Amino acid sequence: MGTLRVGAEQFRRELTELLNRVGYGGDEVIVERNGRPIAVLRPYARREEATAAPQEAVEQVPVLAAQIEAGREEAGLAYEALARQLQAERLRTLREKYPDFAAEFAPDAASKPA
Amino acid sequence: MQPQNLLRVYVDADVLFRAATASHEYTAALVLLRMAEFTLLDVVSAAYTVEEALRALRAYLPDQAPLLLHLVGRSIRVVDDPPPSLLQAYKTQAHWKDVINLAAAVDAQAHVLVTYNVRDYRPPPGVVRVMTPGELVAASREAVYLAMRVSPD
């Protein structure tokens, strides 16, 4: 098992081979564009590693961003839906921590699950 | 210990959420948190705000919840939730669902409240400024330029 760094163009050309190395050989591939890492390809069984090391969290942000973008598209998420989720969480906060305020200004929040 | 001579910025849950799901490293919400990490800002948020962002992440993108916790740990001072009396005091200065943010920002003595939803706030001058992440990043960039540029004369 090892780590390879490849450019985006090489990644495109050699995708099948690289997938084999990752999937069967356990390698990790870092994809770079203009010398900067933009994505990482690792075995599915090791998918949690990107968020496992706190000291590396910020350095991993660009890598994670690519994964998040892919995940967001896959899930079909829209920010409108996320905004609704955040508003639901706000209602829950008010209902649980400020019940009097919720009852006065958001009566629905005081009686219904968010 | 609270940092001195730093702009204190209260961030809403939507800012935390965007930072943890940023599609690139220059997303303004993420830039603000990194500015705090680099000691350029004092970014604060109440416990309820972090909890809201975390719950929303776990509902939609559960794999990213650890990243939010890492960002919070490195960049944010988590402060106490505001007392109920403060919500009553500021209840006319924001939409009811956002009064808690205004109260928390005031309670934390923040200079700026950063949210993507600036339209629902109407605090009078002198309470707290309400800005989007992009507006604060742009203002910071300009402030550094104006403070540090060499005058031609």
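Small disclaimer: the values here were computed from a predicted structure and weren't measured. (Residues numbered from 1 in each chain as written. Chains lettered and ligands numbered in written order. Predicted model: local features only at pLDDT ≥ 70, side-chain atom pairs only at ≥ 80, totals over all residues.)

(A) Representation of the sheet that holds strand E2 (residues 28-33) of chain A in the model. Residues and elements named next belong to chain A. Taken together, the three strands give an open sheet; going across it, the order is E1-E2-E3, and neighbouring strands pair in mixed fashion. Each edge of the sheet is formed by a strand with only one pairing partner; in this case those strands are strand E1 (3-7) and strand E3 (36-41). Neighbour to neighbour, the strand axes of the sheet diverge by 30° on average, direction disregarded. (Pairing = 2+ DSSP bridges. Helix = DSSP H or I, 4+ residues; strand = E, 2+ residues; numbered from the N terminus. Axes fitted to C-alpha atoms, helices over the stretch in contact; angles between N-to-C directions.)

(B) Here's a closer look at the nonpolar core. Within the largest apolar cluster, 56 residues are counted, with the highest numbers of intra-cluster contacts made by Val9, Tyr10 and Leu32 of chain B. The residues touching Val9 of chain B, leaving out its near neighbours within four places in the chain, are Leu32, Leu41, Asp42, Val43, Ala110, Val112, Val114 and Leu136 of chain B. Ranked by size, the runner-up nonpolar core spans five residues in total, among them Leu18, Val22, Val29 and Val31 of chain A. (Core = buried A, V, L, I, M, F, W, Y, C linked by C-beta atoms within 7 Å. Buried ≥ 20, exposed ≤ 12 C-beta atoms within 10 Å, placed from the backbone. Contact = placed C-beta atoms within 7 Å.)

(C) Up close: helix H2 (residues 28-37) of chain B. Among the residues of H2 of chain B, Ala28, Ala29, Leu30, Leu32, Leu33 and Ala36 of chain B are the ones counted as buried. Just past H2 of chain B, the residue Thr39 of chain B takes up positive phi, approximately 70°.

(D) Broad picture of the packing of H2 of chain B against helix H4 (residues 65-75) of chain B. Residue and element names in this part refer to chain B. Where H2 meets H4, the closest approach of the two axes is 8 Å, and the angle between their N-to-C directions is 40°. When the axis of H2 is compared with that of H4, the two are oblique. Contacts between H2 and H4 involve Leu33, Arg34, Ala36 and Glu37 from the first element and Leu71, Arg74 and Ser75 from the second. Looking at the contact of H2 with H4 residue by residue, the classes come out as three nonpolar, one polar and three charged. (Parallel < 35°, antiparallel > 145°, perpendicular 65-115°, else oblique. Nonpolar A, V, L, I, M, F, W, Y, C, P; charged D, E, K, R; others polar.)

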